[in-house]
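# Descriptive analysis of the structure
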Amino acid sequence: MSDASHVAAQSSWTPPEEAVDRFGKVESAGIEYIGPEGRHGRPGELFAVWLSSNLAYFYILVGGLLPVLGLSTWQSFAVLAAGNLFWALVGLLAVSGPSTGSPSSIVTRAMYGVRGNRVFGAGAVWVLCIAYEGLNLAVGAVAGFALVSFVGGGASVLVKTLVTVLVAAATFTMGVYGHATIVRLSTWFSALLGASTVVLGYFVLRHATLHPAGFHSLGGSKLWASLMVGFTAVAALPLGWPGSADYARYLPRTASPRAVAGWTALGGWVPAMALGSIGILAGSAIDMSDPQTNMRAILPSWFYAVFLLVLVVGSITNNVLTVYSSGLALQAMGVRISRAKSVIADAVLGGALCAAALASSSFLTSMSNVLALSVALLGPFLAIYGTDILLRRNGYDGPALHDASPSGPFWFRNGVNWAGVMALAAGTVTALLCVNTTVFVGPVASATGGGDLSALTGPTVAALVYTGSSLLLGNHRKGNQ
């Protein structure tokens, strides 16, 4: 049976006769298998996709957090470099896109089973995507409010509402148009945001120092705790991207896995390191507890307006990939809705969370807690995904992943792959025991003086449990070509 007929016969979704994936046209395919005739592009295009989406305020904020924790400039740079090593894992996950012709939320059926994936795979990703969408929209809106106030002298409730609506409309419109439009616009946004980042770095360097006046170095348990909390905060950002296969699935199956992984990882790593470094250096000159406001002290007036505009645009480009993945995850949960309509449904939920975040008196604290706690789930999730790719040597049967029937290879036991579920539970519980946030401190973190080991222990335990149980049950051999 051919790939196309196999999918049409077995999947609960029928792929379009001729999938539309062109710039300026609404992408017609959702979670359907993309056959050889629909594949196009080169791995190098992934660099701009990931670069533009990660030239965002979060990275400045996290970089600026490190000096606030009491770390020296050199200690901050070391923590930034260590936490961003997780981009290699994001790159590894991307290689499953060309090999399967499917989004990540379908590939994870191999880890959790067809039914289990609706809760522990696609379901978990969808919930977290909605949370990130709400936070991203709020970040863009707040920057927009500041820009309007700076240029016009004030922002009324009506103006703030219009700014929020415009940011949301730009974000979700790109998400509706889909893959080809995102890829094309990414090149333009990369150039615009990249140039602005270089100029921002120049002005920050003029005021930065490697040895801030009045700095007192930490030692002992306090230094350990600050290093680990900072590491987890940095790691949370790359670990927030569980769907990297979504943007590589249209590439030909013959695309080099090394190139796919490399360009994906590099596209995220470069802006994460650049903006994080800017945040660290700015922390030597200003109080980075509120960088959006305090950056005004070291930037020319004309460029401060540009800086705020960059924050708005960066929040949009960062959110577009999240919006796109959340729509696919919603479909993979079994919701009978087109991809474009799923994005609109997510817009309503993300918008509601954005409104709640803007109404909160402790927005930055809430954002920090969401990022820290999400590591407890996403860290193990990405580790299991990467482990499965290595165990199978990326040899997935793409069409078979869309076989949702009890006779399909990814049905496992009653539709659930318990190896994945047990590993995710073990990794998440372990991470929660080690997490340190303002809303919850795990017993291990408390016993170690506040050191947050969740970004290390959760993924490690999840990978070990998944490897052992998969080898024992032989699940890693099911559904391979």
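Scope of this entry: the structure provided in the associated data block. Quantities reported herein were computed from a predicted structural model and do not represent experimental measurements.

### Observations regarding the overall build of the chain
Each helix and strand in the chain was counted, giving 20 helices and zero strands. For the C-alpha atoms alone, the extent of the chain along its principal axes is close to 70 × 50 × 40 Å. On the chain, roughly 18400 Å² of surface is accessible, and the fraction owed to carbon and sulfur atoms is 67%. One way to put it: in the chain the 23 positive side-chain charges average out to a point 3 Å from where the 17 negative ones average out.

### Points about unusual backbone geometry
Even without glycine at this site, N394 takes up a positive phi of about 55 degrees. When you line up the elements, N394 lands in the loop between α17 (363-392) and α18 (418-434). Residues other than glycine seldom take positive phi values, yet N414 does so here, at roughly 55 degrees. The residue N414 is located in the loop between α17 and α18 in this model.

### What to know about the pattern of salt bridges
Per the stated rule, a full pass over the model turns up three salt bridges. Among the ionic pairs, R392 bridges to D388, the shortest N-O distance being 2.9 Å. A residue pair is termed a helical-turn pair when its members lie 3 or 4 positions apart in one helix, as R392 and D388 do in helix α17 at four residues. Owing to a relative accessible area of 4%, R392 belongs among the buried residues under this scheme.

### Focus on helix α5 (residues 87-94)
Summarising burial for α5: six of the eight residues are buried, a large majority. Listing the buried residues of α5 in full gives W87, L89, V90, G91, L93 and A94.

### Topic: empty space enclosed by the protein
Taken as a whole and judged by the stated rule, the model has six cavities of 30 Å³ or more. By volume, the largest cavity amounts to about 210 Å³. Contributing to the lining of the largest cavity are 21 residues, with Y132, G240, W241, N318 and T322 lying nearest its centre. It is helix α9 (residues 114-152) that contributes the most residues to the lining of the largest cavity, five residues altogether. Quantified by volume, the second largest cavity comes out at close to 90 Å³. Lining the second largest cavity are L55, A56, Y57, I60, S196, T197, L200, L275, F303, F307, V310 and L311. Counting residues per element, the ones that place at least two in the lining of the second largest cavity are α3 (57-68), α11 (179-207) and α15 (301-332). In the lining of the second largest cavity, the residues fall into 10 nonpolar, two polar and no charged.

### Side note on a nonpolar patch on the surface
Together, W263, L266, W269 and V270 give the surface a local cluster of nonpolar side chains, amounting to about 330 Å² of exposed area. Residue placement: V270 occurs in helix α13 (residues 257-282). Overall, V270 belongs to the partly exposed group, its relative accessible area being 30%.

### Some remarks on the packing of α11 against α15
How two helices sit against one another is set out by the angle between their axes and by the gap between those axes. Closest axis-to-axis distance for the α11/α15 pair is 10 Å, and the angle between their directions is 145 degrees. Once α11 is placed against α15, the crossing between them reads as left-handed. Residue-level inspection shows H179, I182, F189, L193, S196, V199, L200 and F203 of α11 in contact with α15, the latter providing W302, F303, V306, F307, V310, V313, G314, T317, V320, L321 and Y324. Residues belonging to the contact of α11 with α15 are distributed by class as follows: 15 nonpolar, four polar and no charged.

Calculation rules
- Residues numbered from 1 in each chain as written.
- Predicted model: local features only at pLDDT ≥ 70, side-chain atom pairs only at ≥ 80, totals over all residues.
- Heavy atoms only, no water.
- Helix = DSSP H or I, 4+ residues; strand = E, 2+ residues; numbered from the N terminus.
- Areas by Shrake-Rupley, 256 points an atom, 1.4 Å probe, with all protein chains shown as cover.
- Lys, Arg positive; Asp, Glu negative; His and termini not counted.
- Charge placed at Lys NZ, Arg CZ, Asp CG, Glu CD.
- Salt bridge = Lys/Arg side-chain N within 4 Å of Asp/Glu carboxyl O.
- Buried < 20%, exposed > 50% of the residue type's maximum accessible area, 1.4 Å probe, protein only.
- 1 Å grid on protein atoms, 1.4 Å probe; cavity = no way out; pocket = protein on both sides within 12 Å on 5 of 7 lines; lining within 4 Å.
- Points joined across faces, edges and corners; volume = space filled by probe spheres on them.
- Nonpolar A, V, L, I, M, F, W, Y, C, P; charged D, E, K, R; others polar.
- Patch = residues over 30% accessible without salt bridge, like charges linked within 9 Å, V, L, I, M, F, W, Y side chains within 5 Å.
- Axes fitted to C-alpha atoms, helices over the stretch in contact; angles between N-to-C directions.
- Left-handed = near helix turned anticlockwise from the far one by under 90°.
- Contact = heavy atoms within 4.5 Å.

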